[in-house]
Amino acid sequence: MMNNLRGRNLAHPGCLVGTTLGLMLGIVLAGILVTVYNMALNSVLLIWLGLTVGLGIIGWILGDRLSSRFPALEEEPQSSDLPPVPPAP
């Protein structure tokens, strides 16, 4: 699967992974803060939003930095045993 991403900017997948982790960890952390520490809802929502946006930005930056480590591979021409398909009339 990683070969499909070679030569492309990985900032978008990195942001997606970071945002997904931020949402999941934020929901778990929010539940813990509300039940254990009885925090106000406004504070919990701000922490959840900050965690989601923060991890999304970190994922974007890490994905952008990792893009240079995975240069595009030179593709070899693939030979096929199938005959060529004639053009449509």
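Just so you know, these numbers come straight off a predicted model, no measurement behind them. Along each chain, numbering runs from 1 in the same order as the chain's sequence is written. Local features are withheld for residues below a pLDDT of 70 in this predicted model, meaning they are given only at 70 or higher, and side-chain atom pairs are given and counted only at 80 or more; totals for whole chains, interfaces and linings count all residues. Working from all heavy atoms in the structure, the side-chain values ignore hydrogens and water.

Undergrad: Got a sec to walk through the packing of helix α2 (residues 11–37) against helix α3 (residues 41–66)? Specific residues and values, please.
TA: When two helices pack together, their arrangement is given by the angle between their axes and by how far apart the axes lie. Angles here are taken between N-to-C directions and fall from 0 to 180 degrees, while the axes themselves are lines fitted to C-alpha atoms, restricted in helices to the stretch in contact. A run of DSSP states H or I qualifies as a helix once it reaches four residues; a run of E qualifies as a strand once it reaches two. Both are numbered from the N-terminal end. Direction vectors running N to C along α2 and α3 enclose 155°, while the axes themselves pass 7 Å from each other. In terms of their interaxial angle, α2 and α3 are classed as roughly antiparallel. Both α2 and α3 take part in a crossing whose hand is right-handed. A breakdown of the residues in the contact of α2 with α3 according to their chemical character gives 16 nonpolar, ten polar and one charged. For classification, angles of less than 35 degrees are called roughly parallel, those exceeding 145 degrees roughly antiparallel, those between 65 and 115 degrees roughly perpendicular, and all remaining angles oblique. Note on convention: the crossing is left-handed when the near helix lies turned anticlockwise from the far helix by less than a right angle, right-handed when the turn is clockwise. In the scheme used here, Gly and all other residues not listed as nonpolar or charged are polar, with Ala, Val, Leu, Ile, Met, Phe, Trp, Tyr, Cys and Pro taken as nonpolar and Asp, Glu, Lys and Arg as charged.

Undergrad: Let's hear about α3: which residues, and what values?
TA: By this rule, a helix spans an expected 1.5 Å times one less than how many residues it contains. Over its 26 residues, α3 runs 37 Å from end to end, which matches the ideal 38 Å to within 8%, given 1.5 Å per residue. Taken as a whole, α3 has its buried residues at V44, T52, G56, G59 and G63. Note on contacts: a residue pair is in contact if any heavy atoms of the two residues lie within 4.5 Å. Close packing links the buried residues of α3 with α2. For the exposure calls, accessible area comes from a 1.4 Å probe over protein chains only, and a residue counts as buried if that area is under 20% of its type's maximum, exposed if over 50%, partly exposed in between.

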